[in-house]
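Secondary and tertiary structure notes
Chain residues, written in single-letter form:
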Amino acid sequence: MTRTALVASAFLLCALAAGLQAAVGVPVDSFPSWSERMIHVLVNRARSDPAEDLVGCSNCPEAACYTPQSPLAWNEDLAHAARFHAANLTFSGCGMRHDSPCQLENDIGNTYPGSCDGSIACACVGQTANCSGSSNSSPWNRLAAFGVSTGYRGENIASNGDPFTIFYLWLWESSSSSNCEFNFQNGHRYNILNGNYTHIGVGQDGNFTVQDFWQFTAPSQKIPSGAHYPQSGTSIAFRANWNDAQSPRRAQVNIDGTLHDMLVERGSGGNATYLYEAALGSGCVQYYFQFTDSSGEVSTYPGAGTFGINCAFDWTNSRLEKTQTPLPAATYPLLMTD
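All of the points below concern the structure found in this document.

This part takes up the state of the cysteines. In this structure the tally under the stated criterion is six disulfides. Paired by a disulfide, Cys116 and Cys122 hold their sulfur atoms 2.1 Å apart. Where Cys116 bonds to Cys122 through sulfur, the torsion about that S-S bond is close to 75 degrees, and the disulfide is right-handed. A relative accessible area of 2% means that Cys116 is categorised as buried. Each bonded cysteine in the chain gets a number by its place in the sequence, and the pairs come out as 1-2, 3-10, 4-9, 5-8, 6-7, 11-12.

Following this line, the structure appears as C-alpha cells:
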C-alpha cells in the first residue's frame, strides 16, 4: 500500500458516528500546531473550489469528478489520533504505514499525550514493535481508542515537511483512472475532496504527517480554520475559511489591533477562503480573524486570544481589539487598511 518515501497510501471506511470538540481555533495543549492548522486551511481551501486547486495537477484524470464541498471542522479526537500515529511510527522505525507498528495498549487514547509520548515502551503491548506483525492494531482500532469508533473514516500519511509541499503531494498525486471513486492511486485526493467527511484532525511528530477524517454531525462553525504562511518572516499571507449560507458582509484580519480587509482567494458565497497579504516588521506580531456575516453577527478565529508571528508563542489569550488609527501604508502596503 505504500506509494513513495514521501507519501503513503490512503484508506477509508464506512459506518455511523459519535464524539466532538469545543472551542473553535483555540489550541488545546498545543493541538493544533501552526503547521497542522495551515494544512487544515489548505484542505478547506481546496474543498471550496476543487477545479481551481487541481489546475496544477498534470495527471489527475478524475479531476472533473470533484465539486465544491463544505469545509471540514477540526476535531480533537482525530488530532490526537493523528499526532500519536506520527509519533508511534517514528519511534518504531517501521516506516510509513496505516496499521500501528505493534498491538497498542487498550488505554492509549487516555494516556497519550499525557503520560505516554507515543514511544514503544508506553504505547505497545509487551513494549515491542513488530514491523510486520499480523496482530498489530489496525487504523480503525487506533481511531476507536481515541474515541472515533464508528462512521465514514479515512487517513492520509506523508513525511514531515512544509505544509504546502505535503498538501500538494497528496492533492496532485498521479492517477491512471478517471473513475469517480476511491482507489489506491487517487486515495489522498479523494479523502481531501469527497463530500462524505465533516471533520478532520492533522498530526505531525517526528518523521511523519497524518490526516484523519471522519463523518459526524456537521458542525456550525462560520470560520472553521485560519492560519498564516510562512510560519515566520516579514512577508506573510493570512488565510481563513468561511462556512455559512451566504458571503460575509466583511472579512478581515486584525493585525496588532488594526483591521485589514481580506479578499476571496478560492470558492464563492458561503464557502470560500479569504486572503490578505502583508509586509510586516521583524518583531512579534499578533493577529486573529474577524468576519461579519450577512446579518451583522461577528465571528472570530480563534474564538479567544491571538496567534503570534515571530513571537515566543504560537497563541496567547490576550487580544488587541480594533484601533481607529491605521498603521502607516509602508507597514502594510498590499491591501486596504481599515
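Time to look at the packing of helix α1 (residues 34-48) against helix α7 (residues 163-171). Axis separation between α1 and α7 bottoms out at 9 Å; the angle between their running directions is 40 degrees. Relative to α7, α1 is oriented oblique. Our pair here, α1 against α7, has a crossing hand that is right-handed. In contact with Trp34, Ser35, Met38, Ile39, Leu42, Val43, Arg45 and Ala46 of α1, α7 contributes Pro163, Phe164, Ile166, Phe167, Tyr168, Trp170 and Leu171. Class assignment for the residues of the contact of α1 with α7 results in 13 nonpolar, one polar and one charged.

Take the pattern of salt bridges next. The tally for this structure, following the rule as stated, stands at 12 salt bridges. The salt bridge involving Arg45 is made with Glu265; its shortest N-O contact spans 2.7 Å. You can see Arg45 sitting in helix α1 and its partner Glu265 sitting in strand β10 (residues 263-268), a full 220 residues away along the chain. For Glu265, a relative accessible area of 22% gives the class partly exposed. Here Asp212 and Arg142 are joined by a salt bridge, their closest N and O atoms 4.0 Å apart. With Asp212 in strand β5 (residues 208-214) and Arg142 in helix α6 (residues 139-145), the pair connects residues that are 70 residues apart, well separated along the chain. The residues Asp212 and Arg142 share a single accessibility class, namely buried.

Criteria and thresholds
- Residues numbered from 1 in each chain as written.
- Predicted model: local features only at pLDDT ≥ 70, side-chain atom pairs only at ≥ 80, totals over all residues.
- Heavy atoms only, no water.
- Disulfide = S-S within 2.5 Å.
- Buried < 20%, exposed > 50% of the residue type's maximum accessible area, 1.4 Å probe, protein only.
- Axes fitted to C-alpha atoms, helices over the stretch in contact; angles between N-to-C directions.
- Helix = DSSP H or I, 4+ residues; strand = E, 2+ residues; numbered from the N terminus.
- Parallel < 35°, antiparallel > 145°, perpendicular 65-115°, else oblique.
- Left-handed = near helix turned anticlockwise from the far one by under 90°.
- Contact = heavy atoms within 4.5 Å.
- Nonpolar A, V, L, I, M, F, W, Y, C, P; charged D, E, K, R; others polar.
- Salt bridge = Lys/Arg side-chain N within 4 Å of Asp/Glu carboxyl O.

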